[in-house]
Amino acid sequence: MKIPEPLFVIVNPAVRLLLASPLHGLASKSLLSITYTGRRSGRRYTTPLRYMRDGDVIRCFTSRDTSWWRNLQDEQDVSLRIAGSVEAHLAEVIVGEPDTIRARLVAYFEMFPRDTDYHDIRLDANGKPLPQDLDRACQDAVVVEMRRAR
């Protein structure tokens, strides 16, 4: 079920609190919070995101319509609160690379098929994304990949 955009003003602070609490296990298998610095303001921001792991990479997805990911261009240091721990990571943004994005989205939707709603992707009778919807989504999707800082 897709949460209506205006509700994120209420949902995001509640999820941030949950992820920072001893009860984080209720959500931290699929949600993390990312803290980053605004490129213009210099302010620190924290937002919860759905994530998946792929080896040593932690991957999140968003749309070009959102703005938070723009702060992570040119590989930025971020802090992730993930599974109860806070870790330093280096974030890399992948945008405008439809083939790369497609492969990552397909793997993501296998784990989280309901998140197709956030990318306006319909599913076929077998629960697979419709190819034309996936093609369109790959033009709009942004992938944020994070690796542990050294």
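Since this is a predicted model, take the numbers as computed values, not measurements.

So, how was this worked out
- Residues numbered from 1 in each chain as written.
- Predicted model: local features only at pLDDT ≥ 70, side-chain atom pairs only at ≥ 80, totals over all residues.
- Heavy atoms only, no water.
- Pairing = 2+ DSSP bridges.
- Helix = DSSP H or I, 4+ residues; strand = E, 2+ residues; numbered from the N terminus.
- Contact = heavy atoms within 4.5 Å.
- Expected span 1.5 Å × (residues − 1).
- Buried < 20%, exposed > 50% of the residue type's maximum accessible area, 1.4 Å probe, protein only.
- Arc of directions from axis to C-beta.
- Core = buried A, V, L, I, M, F, W, Y, C linked by side-chain atoms within 4.5 Å.

## Quick notes on the pairing of strand β2 (residues 44–50)
A regular strand places its side chains so that they alternate between the two faces of the sheet.
Moving on, step 1. In terms of strand pairing, strand β1 (residues 31–37) meets β2 through seven bridges, oriented antiparallel. Bridging from a neighbouring strand, Leu-32 pairs with Leu-49 of β2.
Moving on, step 2. Count of turn residues in the β1/β2 antiparallel hairpin: six residues, of which Gly-42 carries a positive phi of about 75°.

## What about the side chain of Thr-116?
Moving on, step 1. Along the chain, the position of Thr-116 falls in the loop between α2 (98–111) and α3 (131–140).
Moving on, step 2. Ignoring sequence-local partners within four residues, the contact set of Thr-116 consists of Phe-109, Ile-121 and Leu-123.

## Re helix α1 (residues 8–19)
Moving on, step 1. When the terminal C-alpha atoms of α1 are compared, their 15 Å separation across 12 residues agrees well with the 16 Å that a helix rising 1.5 Å per residue should span.
Moving on, step 2. What α1 keeps buried is the set Asn-12, Val-15 and Leu-19. Down the axis of α1, the buried set is contained in an arc of 70°. They therefore lie on one face. Turned more than 90 degrees away from the buried face of α1, the exposed residues are Val-9, Ile-10 and Leu-17.
Moving on, step 3. Buried positions along α1 lie against β1, β2 and β5 (76–82).

## Quick notes on the nonpolar core
Moving on, step 1. Grouped together as the largest cluster of nonpolar side chains are 18 residues, with contacts concentrated most on Leu-32, Ile-34, Leu-72, Val-144 and Met-146.
Moving on, step 2. At the level of elements, β1, β4 (57–63), β5, β6 (85–94) and β7 (141–148) are the ones that each hand at least two residues to this core.
Moving on, step 3. Excluding residues that lie within four positions of it along the chain, Leu-32 makes contacts with Leu-19, Thr-47, Pro-48, Leu-49, Tyr-51, Ile-58, Cys-60, Leu-80, Arg-81 and Ile-82.
Moving on, step 4. Core analysis: the next-biggest nonpolar cluster, separate from the first, contains 14 residues, Ile-94, Tyr-108, Phe-109 and Val-143 among them.

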